[in-house]
Amino acid sequence: MQVLVINCGSSSVKYKVLDTTGGEARLGGTIERVGDERSHDDAIAAILEEAADLPIEVVGHRVVHGGEAFHDAQRIDDAVEAAIEACVPLAPLHNPANLAGIRAARRLLPDVPHVAVFDTALHARMPRRAKTYALDAEVAGKYGLRRYGFHGTSHAYVADLAAEHLGRDLRDLRIVSLHLGNGASACALELGSSVETSMGMTPLEGLVMGTRSGDLDPGVVLLLARELGVEATDELLNRRSGLAGLSGVGNDLRDIQREAEEGNDRARLAITVFAHRCRKYIGAYAAVMGGVDAIVLTGGIGENSAEMRRRILQRLDFLGVRLDEDANVAAKVSDARPVADISEAHARVRTLVVATNEELRIARQAAKVARGDQDVKQPRPIPIAISARHAHLDRKAMDVLFGEGSELTVYRPLSQPGQFASEQRVNLVGPRGRIEGVRVLGPLRRACQVEVSRTDEFRLGVDAPIRRSGQVKGSAPITLEGPKGTLHLDEGLICAWRHIHMTTADAEAYGVQDGDMVEVTVSGGPRDLTFGDVLVRVKDSYALEMHIDTDEANAAELSPGAAGELIYSEPGSKATATLQRKR
Ligand code: AMP
């Protein structure tokens, strides 16, 4: 696919036309002085004129801030445009420019899909403990004060390449990714998800950057605001700090290194503060993930400065990081050869230099969304229903337990159309114990099936297999007692396989099929949990709902009304493969 990638800043528009298959750039450039000398419309029109001979199929727009709303790349319509606009207060410098570019491009290319790719999206599912600032919760909620994180496109791109290079599944790896350019951030990617990142509500937090300070005692900000005023403090922290502020010789590390070699002490200090901060974050993120398998360095500094890499990576032997000095000095990465391993052959942690290519990632994400096969669309929570122990009966069992020709009477309808909890109850009797008053669900079925939790099994003294509904052959025996008689079943007792009911339209929206195994994450409570091996069951008569038993609900501290988020496994990924074997 030919994708035009637009990165619209407040004063410039960067653009590139990329072929997503081979990754080659067909054309590209930067239009400067947008805003004063020419409008965004003029800039986009000029780009389209230059690209007139190229069959542009999709436009991918880089959008800095997706706020709470966007977890993934989105096809742009008026509602998405409005939601991006709603994030302007969170990124007052970036989002208005991104929007101006989107509006101009949609006007000038109305027949092509436009896709927004967000810098924040990778981090949208960070755990609460990582997203939350220790502030008064009400104030934080009112102003949206939390860590969003940025550089997601780059971290995701280099992590993918690192996993591919190592011949490992991203979901098996704990990666610390350092994007060290003029902007700089660290990201902890655990099993493919961002679980921590150094930039926060704005791109000012974290590592030392070209002109941005990164981490500070908030007391420093208060003092500066009092002494200099808010605007001057903003200017100081964003534009006159970081490497530039420390060194006094500008924000380009090459100049600073030259000065340092000539004995400039401020330049030397700038380099050591930069490296120290990076090393500190590597250690912190290894602690956050309980270890690290790979460290990835990218961005102008990460890709090009062997000297800075050496400084950052020293004294990390205790983690299993062992730098091969020669490989480090020799490492040269490019779009054609994007990965260089700079670790010693037997180092437990692989240290990789990876050439980032944010435009290519944006182009590929945009193409995926346009084709309709992106991994995840809008996060659509899946309602979770907690199934207490229950029994399904056949005609014969009904006759024995409740009397010849008796019928189930509706106690309460269930969410799945036609299903109901009946007024009838039975007792379960096992070799060790009994459970009284177990609800019978209707209507009657072709075979009896009794579904209990593991805890119930201990009480009864039985060992039931985990089965999908209907697969009772060879399952555990159980005795049922009803008001009119007792029935021993040689098989029929199961522990239900957790599953999601959904319609064909739901399945399409989630990109799954009947029989797929997926993962569902529940978060936001005190016992966040990801359920693996969740079976997808598709039928047009189903209502969207995940069913788990009481043990599973308790493990995640769920109560009625809970919802989870479906996590996708890339086709062919290890998760999918092992789960498919279990089917
Ligand atoms: P980026 O924002 O990723 O383009 O990174 C730009 C920054 O990378 C520059 O400001 C330099 O500080 C740094 N950089 C690029 N090339 C080198 C190099 N060969 N050695 C040291 N730093 C470099």
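Residues numbered from 1 in each chain as written. Predicted model: local features only at pLDDT ≥ 70, side-chain atom pairs only at ≥ 80, totals over all residues. Heavy atoms only, no water.

Caption draft 1: Inspection of the sheet that holds strand β9 (residues 193-197) at higher detail. With mixed pairing, six strands are arranged side by side in an open sheet as β9-β8-β7-β10-β12-β11. Looking at strand neighbours, the two that pair on one side only are β9 and β11 (339-341), the edges of this open sheet. Put simply, the sheet's adjacent strands are angled 25 degrees from each other on average, direction ignored. With respect to the sheet, helix α13 (residues 306-313) is in contact with β7 (174-180), β10 (294-298) and β12 (350-354), its orientation differing from that of β10 by roughly 150 degrees. (Pairing = 2+ DSSP bridges. Helix = DSSP H or I, 4+ residues; strand = E, 2+ residues; numbered from the N terminus. Axes fitted to C-alpha atoms, helices over the stretch in contact; angles between N-to-C directions. Contact = heavy atoms within 4.5 Å.)

Caption draft 2: Just the environment of G152, in detail. Structurally, the position occupied by G152 is in helix α6 (residues 152-166). Residue G152 is classed as buried on the basis of its relative accessible area, which comes to 3%. Between the alpha carbons of G152 and T503 there is a distance of 32 Å; along the sequence they are 351 residues apart. The residues touching G152, leaving out its near neighbours within four places in the chain, are D119, L122 and H123. (Buried < 20%, exposed > 50% of the residue type's maximum accessible area, 1.4 Å probe, protein only.)

Caption draft 3: Spotlight on the site of the ligand. In the vicinity of the ligand, the contacting residues are G181, N182, N251, D252, L253, R254, Q257, G299, G300, I301, N304 and S305. The side chain of N304 places a nitrogen or oxygen atom 3.4 Å from a nitrogen atom of the ligand. Contact with the protein chains covers 71% of the free accessible surface of the ligand, which is 500 Å². The set of elements that each furnish at least two residues to the shell around the ligand consists of α10 (253-261) and α12 (299-304). At four residues, the largest contribution of residues to the shell around the ligand is made by α12. A breakdown of the residues in the shell around the ligand according to their chemical character gives two nonpolar, eight polar and two charged. (Near = heavy atom within 4 Å. Polar contact = N/O pair within 3.5 Å; in protein donor to acceptor, adjacent residues only side chain to side chain. Areas by Shrake-Rupley, 256 points an atom, 1.4 Å probe, with all protein chains shown as cover. Nonpolar A, V, L, I, M, F, W, Y, C, P; charged D, E, K, R; others polar.)

Caption draft 4: Focus on the environment of R361. Residue placement: R361 occurs in helix α15 (residues 358-371). On the accessibility criterion, R361 (19% relative accessible area) is buried. The spacing of R361 and Y157 is 204 residues in sequence and 6.2 Å in space, taken between C-alpha atoms. Residues in contact with R361, not counting those within four places in the same chain, are T153, A156, Y157 and D160.

Caption draft 5: The packing of helix α1 (residues 40-50) against helix α3 (residues 95-108), seen in detail. Running from N to C, α1 and α3 cross one another at 55 degrees; their axes reach a closest spacing of 9 Å. With respect to α3, the element α1 is oriented oblique. Seen from above, α1 lies across α3 with right-handed handedness. Seen from α1, the contacting residues are H40, D41, I44, A45 and L48; seen from α3, they are A97, A100, G101, A104, A105, R107 and L108. (Parallel < 35°, antiparallel > 145°, perpendicular 65-115°, else oblique. Left-handed = near helix turned anticlockwise from the far one by under 90°.)

Caption draft 6: The arrangement of the sheet that holds strand β2 (residues 13-19) in detail. Here we have six strands laid out as an open sheet, ordered β3-β2-β1-β4-β6-β5, and mixed in their pairing. Since the sheet does not close on itself, it has two edges, and those belong to β3 (25-31) and β5 (74-75), each with one partner. Relative to β3, β2 runs antiparallel, the two being bridged by six bridges. If you follow L18 over to β3, its bridge partner there is A25.

Caption draft 7: Highlighting the side chain of S241. Relative to the elements of secondary structure, S241 occurs in the loop between α8 (230-239) and α9 (242-247). For S241, the contacting residues outside a window of four places in its chain are G210, T211, R212, S213 and L236.

Caption draft 8: Spatial organisation of the packing of helix α7 (residues 218-228) against α8. Where α7 contacts α8, the two axes come as close as 7 Å, and the packing angle between them is 125 degrees. Between α7 and α8, the interaxial angle falls into the category oblique. Relative to α8, the crossing made by α7 is right-handed. Between α7 and α8, the contacting residues are V221, L224, A225 and L228 on the first element and V230, A232, T233, L236 and L237 on the second.

Caption draft 9: Local environment of the pairing of strand β21 (residues 486-496). Pairing analysis gives two bridges linking strand β18 (residues 449-451) to β21, with the strands arranged parallel. Each bridged residue has a counterpart across the sheet, and for E451 the counterpart in β21 is I494. The pairing of strand β19 (residues 466-467) with β21 spans two bridges and is classified as parallel. When the bridges of β21 are listed, I466 appears paired with C495. Both strand β20 (residues 476-481) and β21 contribute to a ladder of five bridges, which runs antiparallel. Looking at the pairing, A476 lines up with L493 of β21. Here β20 folds back onto β21 in antiparallel fashion, the turn holding four residues.

Caption draft 10: Broad picture of α8. Those residues of α8 not exposed but buried are T233, L236 and L237. Along the long axis of α8, the arc covered by the buried residues comes to 90 degrees, so they all point the same way. Turned more than 90 degrees away from the buried face of α8, the exposed residues are E231 and R239. Buried residues along α8 sit against α7. (Arc of directions from axis to C-beta.)

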